[in-house]
Amino acid sequence: MLTLPGRRCWLVANLSPNCHPRPQSAGRPASCPRLHFRRPGTIGTPDAADPTDSVALLSLVRNERTSLLPVIVGAALIRAGRLLACARARPPELAGWWELPGGKVEPGESERDALLRECREELAVPVIVGDQIGPTVPIPGREAVLKVYLATLVGEAEPQPLEHAELRWLAPDRFDSVAWLPADAPILAAIHGLLPAPAH
Ligand SMILES: Nc1nc2c([nH]c(=O)n2[C@H]2C[C@H](O)[C@@H](COP(=O)(O)OP(=O)(O)OP(=O)(O)O)O2)c(=O)[nH]1
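- The chain goes by 8-oxo-dGTP diphosphatase in an unreviewed UniProt entry, where it is assigned to Natronosporangium hydrolyticum.
- Taken from UniProt, the Catalytic activity (unreviewed entry) comment for the chain reads in full: "8-oxo-dGTP + H2O = 8-oxo-dGMP + diphosphate + H(+)".

Below is the structure:
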């Protein structure tokens with residue numbers, strides 16, 4: 001059960017496997033029998049949902065099946081068994097820490113589109129975005145979560161550090177040669193498990 005800022009209601013989720021969402025159709029907004037609204041203090045049959053709230057909330061809940069927190073997306077760009085690591089240049093408190101390229105998902109943007117945009121803005125390269133890798137991780141000190149997707153470069157273009165201090169391609173046995181932002185740790189472990197050990 002969730003409460004929503006500015007909404008004086010509960011959002012109740014029915015997790016029964018027999019409960020299926022109804023798609024949007026002409027003249028009728030999308031609705032989902034899994035989700036109902038109840039005013040505080042009410043029990044029993046759910047209230048009829050306000051359709052405006054319903055659509056807004058469904059888009060939040062359906063937003064890539066994530067939490068209601070804002071999402072920071074990162075790209076695990078892999079080439080020849082190596083991962084692209086990027087040293088932050090700003091703000092001062094994050095400068096020098098290493099991360100995956102990416103950033104905030106803008107309102108109305110899908111997570112994949114945000115990654116395409118961020119890779120263009122930060123690295124000047126087109127990419128193909130694959131599946132999410134590793135867990136969705138809360139970012140310490142921020143009301144946001146980090147989600148990382150596998151990605152591959154399109155064509156021969158070399159990523160440029162347009163917004164970062166430095167870029168490095170790291171083999172799995174060199175992941176710990178740089179200081180990663182703490183939220184990345186479980187995701188790096190998942191990427192590590194995916195890549196073959198380098199031949200020496
Ligand atoms: N891009 C990226 N951000 C990460 C990672 N790990 C991690 O904790 N973060 C944190 C650092 C920042 O607090 C936040 C990303 O914010 P940001 O300021 O880079 O996002 P942005 O580029 O969209 O924002 P802006 O500066 O353009 O306003 O997520 C990561 O691997 N990649």
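So that's the structure; there's more coming.
1. Overview of the pattern of salt bridges
A side chain of one charge can pair with a side chain of the opposite charge if their charged atoms are brought near each other.
Here is step 1: Summed over all chains, the structure comprises seven salt bridges.
Here is step 2: Between R88 and E99 there is a salt bridge, with the nearest N and O atoms lying 2.8 Å from each other. Of the two residues, R88 sits in strand β5 (residues 82–88) while E99 sits in strand β6 (residues 98–99), which places them 11 residues apart along the sequence.
Here is step 3: Taking the shortest distance from any N to any O, the salt bridge between R117 and E121 comes out at 3.3 Å. On the criterion of helical spacing, the pair formed by R117 and E121 is a turn pair, its members being four residues apart in helix α2 (residues 111–123).
Here is step 4: Residues joined by salt bridges that share partners form a network here, namely E109, R117, E118 and E121.

2. Description of the site of the ligand
Here is step 1: Near the ligand you find 16 residues, and of these R88, E99, L100, K104 and D184 are the closest.
Here is step 2: L100 places a polar main-chain atom, nitrogen or oxygen, 2.7 Å from a nitrogen atom of the ligand.
Here is step 3: In this structure, an oxygen atom belonging to the ligand sits 3.2 Å away from a side-chain N or O atom of R142.
Here is step 4: Top element by residues in the shell around the ligand is strand β7 (residues 102–104). It accounts for three residues.
Here is step 5: Looking at the shell around the ligand residue by residue, the class counts come to seven nonpolar, two polar and seven charged.

How each quantity is defined
- Residues numbered from 1 in each chain as written.
- Predicted model: local features only at pLDDT ≥ 70, side-chain atom pairs only at ≥ 80, totals over all residues.
- Heavy atoms only, no water.
- UniProt positions renumbered as here; feature names shortened; annotations may be inferred.
- Salt bridge = Lys/Arg side-chain N within 4 Å of Asp/Glu carboxyl O.
- Helix = DSSP H or I, 4+ residues; strand = E, 2+ residues; numbered from the N terminus.
- Near = heavy atom within 4 Å.
- Polar contact = N/O pair within 3.5 Å; in protein donor to acceptor, adjacent residues only side chain to side chain.
- Nonpolar A, V, L, I, M, F, W, Y, C, P; charged D, E, K, R; others polar.

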